Amino acid sequence: KGKNVIYVTLEMIGQKVLKRIGANILGISMDDYETKSRDADFMAKKIKAFQNQSLLDPGELRVIEFPTSSATVDDIDSYLKNLEETTGTKFDIVIVDYINILRDIRNPNTEQTYIKIKNISEDLRAFAQKNDVVVISATQTNRGGFDSTEVTMANIAESAGLAHTADNIMAIIQDSEMNLDKQYWLKLLKVRDGAGKHTKCLLNIDYNYMILSETDTLVEDN
């Protein structure tokens, strides 16, 4: 879409992130990716084909890996500033994978998860506002959301402070049966500016190519 994206991973190693994204955009199966990615000519042709398939020039993608629970929002901020200064590229989107395993710079030794996640959420929101970027992250559900056919705001784990701070919240809903069918629901739990709250859409998943596709099944779920 022509957007410049930074993917901050605190859980999965950077190579695995790139493998999944590469499978998606280059049309290489996950089973074959490691072998085919070693063929420089093959990959160059795949990347060229991807660049030519759209009227828009593809944006940049940078993946940065931090050890779990070691990085703060300030670390991400410093990385963004240094990257923009050295490359001259203005980045549009920062993906943080994921919010609960960032470190709280305000209270680094706190054991109160409500305070920790609330502080990190507010710091990430301030970072987004200051740098004019979209921040996308993920969180876990509590035990009540595991293998459930329904997820609500009450199922957000560890801190209601996150729910209060985020502009938009979507739930991924997938029980064991839907997992076998390679499907999940994407439900809009919160929208600060707009309509569609409680609406959910059924998506199909191709795990071998890491592709999500929307279906025509749209439900107003009250």
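Remember, predicted model here, so these are calculated numbers, not experimental data.

### Quick word on the side chain of Asp77
(1) Moving on: Examined against the element boundaries, Asp77 turns out to sit in helix H4 (residues 73-87).
(2) Moving on: Take Asp77: its relative accessible area is 8%, and that puts it in the buried class.
(3) Moving on: Sequence-distant contacts of Asp77, defined by excluding residues within four places in its chain, comprise Phe127, Lys130 and Asn131.

### Brief notes about the sheet that holds strand E2 (residues 61-65)
(1) Moving on: Reading across from one edge, E2-E1-E3-E4 is the order of the 4 strands in this open sheet, with parallel pairing throughout. Strands with a single pairing partner mark the edges of an open sheet, and in this sheet they are E2 and strand E4 (134-137). Averaged over all adjacent pairs, the angle separating strand axes in this sheet is 15 degrees, with direction ignored.
(2) Moving on: As paired elements, strand E3 (residues 93-97) and E4 share 4 bridges and run parallel to each other. Opposite Val94, over in E4, you have Val135 as the bridge partner.

### Section: unusual backbone geometry
Peptide bonds are, in most cases, trans, and in most cases residues other than glycine have a negative phi.
(1) Moving on: Residue Tyr98 is reached from Asp97 by a cis peptide bond, and omega for that bond is 0 degrees.
(2) Moving on: The topology assignment puts Tyr98 in the loop between E3 and helix H5 (113-131).
(3) Moving on: In this structure, Lys182 takes a positive phi of about 55 degrees despite not being glycine.
(4) Moving on: Structurally, the position occupied by Lys182 is in the loop between helix H7 (176-180) and strand E6 (183-191).
(5) Moving on: Even without glycine at this site, His198 takes up a positive phi of about 80 degrees.
(6) Moving on: In this fold, His198 is placed in the loop between E6 and strand E7 (199-206).

### Looking at the pairing of strand E8 (residues 211-220)
(1) Moving on: Across 7 bridges, E7 lies against E8 in antiparallel orientation. Bridging from a neighbouring strand, Ile205 pairs with Leu212 of E8.
(2) Moving on: Here E7 folds back onto E8 in antiparallel fashion, the turn holding 4 residues, of which Met210 has a positive phi close to 55 degrees.

### Here we look at the nonpolar core
(1) Moving on: Core analysis: the largest hydrophobic core is formed by 24 residues, its most contacted members being Ile6, Val8, Leu10, Ile76, Val94, Leu102 and Phe127.
(2) Moving on: Going through the elements one at a time, strand E1 (5-9), H4, E3 and H5 are the ones with two or more residues in this core.
(3) Moving on: Among the elements that take part in this core, H5 stands out by supplying 5 residues, more than any other.
(4) Moving on: Among residues more than four places away in sequence, those in contact with Leu102 are Leu10, Ala71, Thr72, Val73, Ile76, Val96, Lys116, Ile120 and Leu124.

Calculation notes
- Residues numbered from 1 in each chain as written.
- Predicted model: local features only at pLDDT ≥ 70, side-chain atom pairs only at ≥ 80, totals over all residues.
- Heavy atoms only, no water.
- Helix = DSSP H or I, 4+ residues; strand = E, 2+ residues; numbered from the N terminus.
- Buried < 20%, exposed > 50% of the residue type's maximum accessible area, 1.4 Å probe, protein only.
- Contact = heavy atoms within 4.5 Å.
- Pairing = 2+ DSSP bridges.
- Axes fitted to C-alpha atoms, helices over the stretch in contact; angles between N-to-C directions.
- Core = buried A, V, L, I, M, F, W, Y, C linked by side-chain atoms within 4.5 Å.

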